[in-house]
Structures are given as structure tokens and as C-alpha cells.
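A look at the structure
One letter stands for each residue in the lines below.
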Amino acid sequence: MKKPKQTQLNPNWVQLQQKLKLNGSKASRTFKNSDDDTPESVLGKRKERPDDESNDCQINALIPVNDDSSLTDTVAMDCEMVGVGQGNKSALGRVTLVNKWGNVIYDEFVRPIERVVDFRTKISGIRPRDLRKAMDFWTAQKKVAELMNGRILVGHALSNDLKALLLSHPKKDTRDTSEYQPFLKSSSRRALRHLAAEHLGVKIQTGEHCPIEDARAAMLLYQRNKKEWEKSMKDQFRFKQKRRKSKQKKKQKNEDASNANHVGIGS
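Residues numbered from 1 in each chain as written. Predicted model: local features only at pLDDT ≥ 70, side-chain atom pairs only at ≥ 80, totals over all residues. Heavy atoms only, no water.

A separate point is the packing of helix α5 (residues 137-148) against helix α6 (residues 158-165). Taken N-terminus to C-terminus, the directions of α5 and α6 make an angle of 130°; their axes are 10 Å apart at the nearest point. Between α5 and α6, the crossing angle belongs to the class labelled oblique. Residue-level contacts link Phe137, Gln141, Val144 and Met148 of α5 to Leu162, Ala164 and Leu165 of α6. A breakdown of the residues in the contact of α5 with α6 according to their chemical character gives six nonpolar, one polar and no charged. (Axes fitted to C-alpha atoms, helices over the stretch in contact; angles between N-to-C directions. Helix = DSSP H or I, 4+ residues; strand = E, 2+ residues; numbered from the N terminus. Parallel < 35°, antiparallel > 145°, perpendicular 65-115°, else oblique. Contact = heavy atoms within 4.5 Å. Nonpolar A, V, L, I, M, F, W, Y, C, P; charged D, E, K, R; others polar.)

Glancing now at α5. The terminal C-alpha atoms of α5 lie 16 Å apart, and with 12 residues this matches the ideal 16 Å at 1.5 Å per residue to within 8%. Those residues of α5 that sit buried are Phe137, Ala140, Gln141, Val144, Leu147 and Met148. Burial along α5 is one-sided: seen end-on, the buried residues are contained in an arc of 130°. Tucked inside the fold, the buried residues of α5 contact β1 (74-84), β2 (89-98), β3 (104-111), β5 (135-136), β6 (152-155) and α6. The N-capping residue of α5, defined by a side-chain oxygen 3.3 Å from the backbone nitrogen of Trp138, is Asp136. (Expected span 1.5 Å × (residues − 1). Buried < 20%, exposed > 50% of the residue type's maximum accessible area, 1.4 Å probe, protein only. Arc of directions from axis to C-beta. Polar contact = N/O pair within 3.5 Å; in protein donor to acceptor, adjacent residues only side chain to side chain.)

A word on the layout of surface pockets. Its volume calculated, the largest pocket comes out at about 740 Å³. Looking at the largest pocket, it is lined by 29 residues, and the ones nearest its centre are Cys79, Met81, Ser90, Asn160 and Asp161. Looking at the lining of the largest pocket, the element that brings in the most residues is β1, giving five residues. Considering only residue class, the lining of the largest pocket consists of 14 nonpolar, six polar and nine charged. The set of elements that each furnish at least two residues to the lining of the second largest pocket consists of β7 (174-176) and α9 (226-266). Counting residues per element, the lining of the second largest pocket draws most heavily on α9, at nine residues. The residue makeup of the lining of the second largest pocket, split by class, is five nonpolar, four polar and nine charged. (1 Å grid on protein atoms, 1.4 Å probe; cavity = no way out; pocket = protein on both sides within 12 Å on 5 of 7 lines; lining within 4 Å. Points joined across faces, edges and corners; volume = space filled by probe spheres on them.)

This brings us to the nonpolar core. Leu62, Val154, Leu200 and Ile204 are the most contacted members of the largest nonpolar core, which has 22 residues in total. Elements that contribute at least two residues to this core include exactly β6, α7 (192-200), α8 (211-224) and α9. Here the element with the most residues in this core is α8; it accounts for seven residues. The residues touching Leu62, leaving out its near neighbours within four places in the chain, are Leu200, Val202, Ile204, Glu213, Arg216, Ala217 and Leu220. Residues Leu147, Leu153, Leu158 and Leu162 belong to the second largest nonpolar core, which totals 20 residues. (Core = buried A, V, L, I, M, F, W, Y, C linked by side-chain atoms within 4.5 Å.)

Let us now look at the pattern of salt bridges. Enumeration according to the criterion identifies 10 salt bridges in this entry. Two residues, Lys171 and Glu179, come together in a salt bridge whose shortest N-O distance is 3.1 Å. Given the relative accessible area of 56%, Lys171 is considered exposed. The partly exposed category is assigned to Glu179, whose relative accessible area is 34%. For the salt bridge of Asp235 with Arg238, the shortest nitrogen-to-oxygen distance reads 3.3 Å. (Salt bridge = Lys/Arg side-chain N within 4 Å of Asp/Glu carboxyl O.)

The phi dihedral of Leu166 is positive, around 60°, even though this residue is not glycine. Taking the relative accessible area as the measure of exposure, Leu166 reaches 55% and is therefore exposed.

Remember, this is a structural readout, not a statement about activity or role.
Set out below in C-alpha cells:
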């Protein structure tokens, strides 16, 4: 009796069977070891973050939420001064303006009219090299005046900055964080760094001052209190108007009484 002829398998099919057997044995080994080792994710093991790193990772409130550097209806300004004359007289050395989002719209070192005798670097951050090719005072003044015109100006102790710029700004359009009543302590002004720490939870002016950072801090203080601040401004404006009208009526009444007396004496 003839033995049945064995069918010869295709070499490719033999290779495929061998691979399947090999993968099956690997899978079974992996499954057996699953009790000892937790299988890793398909994406790999997640990198552990040290505790100290996660605790220190805090978002700085002064970082703008966008990169829009357009000119807005509200701007914040901060200036850094240098010493001229005998050194005790302040002159503008740098001026910075940011928009309502805290993005810089103007930032220039300024060459004072008088010779600088004290750069006050420890506070101002200004060095001799910064003023060698700096913008001249009158050009900077003109540009700042254009940017402020018709807008609400925010800042801290703005009278000092405006004095250095030889400029003025309408009181009704000025929002000074050093004068806002809720920010005062026992009717005395507080430093911007203290307000930033208390109300914004950020540290500023720990070394050389950064006018960009300071302007952003003043703007954020205003923005976070804008509703109450604007209400108080309107209330103050109404009160002043009412008092002015009262004075005018009183003055008119006195004039009418005086005229009546003159008529009585003349007759």
C-alpha cells in the first residue's frame, strides 16, 4: 500500500507559522510575569516630577495672557530716574508704557538734558552704556504725550513720572495706585512692591527695578479693582460737581444781596 504523498507547504506560510508561534510564547511569558511587574503604558512610563519642582511651579500673574501690543484705551506707565546736578536731582532715564494686557507699547532709554552724575544703577538698572545711544528727551516726551492723550493713565506715584517728563494728565483720566483709598494704610501711601505682594501674590523690586514689571503690576492692580475704582471716580466727580454748583449758588445769592443793598442806599 502506497503511503499518502505529503503536501509541501509554501515557504512563506511556514515562516508565518513560526512567527506566530514565537509571538505566542512571548505573550504567554509576559502574561506569567504580570503578577510580579505592572505592565507599562503603551506611551511609556510617566516621568516623575520632584515634589519641590511641583511646589515651586507657580504662574506669574504679571505675564501677559496674549501678545497683543496694540494701543488700548487704558495704558500704564513707569519711569526710572538718574541723578543730575549735584546728584540729588532726578531726571528721566527710561520710560515704559504697557497696554491693558501688560504688553509693551513703548520702552526707551532716555538721554537727559543735563549731564548724568549718578546712574542709580542699584535701583534704576540703568548703566552708562544704556544712555550712550539713547533717545533724546524731547523726542521721548513727544511720543509719550501722544500715547497718553485721551486715555486712562495708570501707574504708581504718577506725579513723579509726569514731573520728570514735564507733562501733565487730566485728573479724571488718572488712576494712581499710590492714591487709591482701599490701597492706603492708615491714610499713608504704600510701596508698589507691597501692594503687588499683598494683592497679586508676586514679588517685584527685589533688586534693580524693571519698569516693564512695575507698569504691569500697576495695570493689574487697576484691572482687578476696576469696577469699584471707576464707581468711586464717578462718585467723586458727582460730589465735586454738586459742591461746585452749591458754591456758585451761594456766590450768586451774596451778589444779589449786595446789589439789593446798593439799590437801597442809592434810593
